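# Coordinate analysis (summary)
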Amino acid sequence: MSITRVTSEKLQLKLRQLLPSQFGFGDDITAQNTIVPIVDLTPAAEGTDVPEMLQTALAFGSQTTFNIRSATTVIANTPGFYRITCGIAVYTQSAAAESAILQLNDGATTKDVWGLNYASFLLNNTAAEKVDFTVFLGTGESVQWQVSSLMQVQGSIRQIADVNGTLVNPSGFNPQ
């Protein structure tokens, strides 16, 4: 059996990320030309990882609801990842165009990241749209809806991961 040093910085970095207790030992990774059985002790191997669709589920204790009409309203301003689900409705009674715009703001600049506009040709008609977004907010950023007078945006928002990507499970859910 021969042992060979592996001096890849990329592999060394990955080792330090996956096994933080090994950080600082100073030895390079080594490889051998003999087959060695591996015992995987990660949560994925034991089957306790939560599938994404379950982890991002709407939950009574996790949701912050909103109902916005004729206003600009901040719906989240804490760093992290968020799931936004809502319905948008419009009833056009005038010739004016109506809009509902999802915006990100960094404290100085506002960016329109998604919008729904109904033009005057829908006069005296109704329309509706269902949306489901995932957004990331960095430090000092916020997400908001800018909604015109004849539009209504109603839904909820829930943090699904913190700013470092650590998942936030639905309220009351404790995976086994």
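Residues numbered from 1 in each chain as written. Predicted model: local features only at pLDDT ≥ 70, side-chain atom pairs only at ≥ 80, totals over all residues. Heavy atoms only, no water.

Turning next to the sheet that holds strand β9 (residues 142–147). Backbone hydrogen bonds hold the strands of a sheet together, and the pairing may be parallel or antiparallel. Taken in spatial order, the 4 strands of this open sheet run β4-β9-β6-β7, and their pairing is antiparallel. The sheet is open, and its two edges are formed by β4 (71–76) and β7 (110–118), each paired on a single side. Sheet twist, expressed as the average angle between the axes of neighbouring strands with direction ignored, equals 20°. (Pairing = 2+ DSSP bridges. Helix = DSSP H or I, 4+ residues; strand = E, 2+ residues; numbered from the N terminus. Axes fitted to C-alpha atoms, helices over the stretch in contact; angles between N-to-C directions.)

Time to look at the pattern of salt bridges. If you walk through the whole model with that rule in mind, you get 1 salt bridge. A salt bridge links Arg83 to Asp132, with the nearest nitrogen and oxygen atoms 2.6 Å apart. Linking Arg83 in strand β5 (residues 80–91) with Asp132 in strand β8 (residues 126–137), this pair joins segments that are 49 residues apart in sequence. Here Arg83 falls in the buried class, since its relative accessible area comes to 17%. (Salt bridge = Lys/Arg side-chain N within 4 Å of Asp/Glu carboxyl O. Buried < 20%, exposed > 50% of the residue type's maximum accessible area, 1.4 Å probe, protein only.)

Here we take up the sheet that holds strand β10 (residues 151–161). Taken in spatial order, the 4 strands line up as β3-β10-β5-β8 in an open sheet, and their pairing is antiparallel. This sheet does not close on itself; its edge strands, each paired only once, are β3 (64–68) and β8. Each strand axis lies, on average, 15° off the axis of its neighbour in the sheet, ignoring direction. In this structure, β5 lies alongside β8, joined through 12 bridges in antiparallel fashion. Residue Gly87 lies in a different strand from β8, and its bridge partner there is Lys130.

Attention now moves to the nonpolar core. Residues Phe66, Ile84 and Trp145 are the most contacted members of the largest nonpolar core, which totals 23 residues. Of all the secondary structure elements, the ones that give two or more residues to this core are β3, β4, β5, β6 (98–105), β7, β8, β9 and β10. (Core = buried A, V, L, I, M, F, W, Y, C linked by side-chain atoms within 4.5 Å.)

So, on to the packing of aromatic side chains. Overall, the coordinates contain 4 aromatic pairs when judged by the stated rule. Between Phe81 and Phe136, the ring centres sit 4.7 Å apart and the planes meet at 50°, which makes this aromatic pair tilted. Of this pair, Phe81 sits in strand β5 while Phe136 sits in strand β8, placing them 55 residues apart in sequence. With centroids separated by 5.2 Å and ring planes inclined at 65°, the aromatic side chains of Trp114 and Phe133 adopt a geometry described as edge-to-face. Taken together, the positions of Trp114 in strand β7 and Phe133 in strand β8 put the pair 19 residues apart, joining distant regions of the chain. (Phe/Tyr/Trp six-rings, centres within 6.5 Å; stacked < 30°, edge-to-face > 60°.)

Glancing now at a nonpolar patch on the surface. Together, Leu15, Leu18 and Leu19 make up a nonpolar patch on the protein surface, roughly 260 Å² of accessible area in all. Its place among the elements puts Leu18 in helix α1 (residues 9–18). We classify Leu18 as exposed; its relative accessible area is 59%. (Patch = residues over 30% accessible without salt bridge, like charges linked within 9 Å, V, L, I, M, F, W, Y side chains within 5 Å. Areas by Shrake-Rupley, 256 points an atom, 1.4 Å probe, with all protein chains shown as cover.)

Attention now moves to the pairing of β10. Burial analysis of β10 places 8 of its 11 residues in the buried class, which makes it a mostly covered element. Pairing between β3 and β10: 5 bridges, direction antiparallel. Across the sheet, residue Thr65 finds its bridge partner in β10, namely Ser156. Pairing geometry for β5 and β10, over 10 bridges, is antiparallel. Across the sheet, the residue bridging to Tyr82 is Gln159, located in β10.

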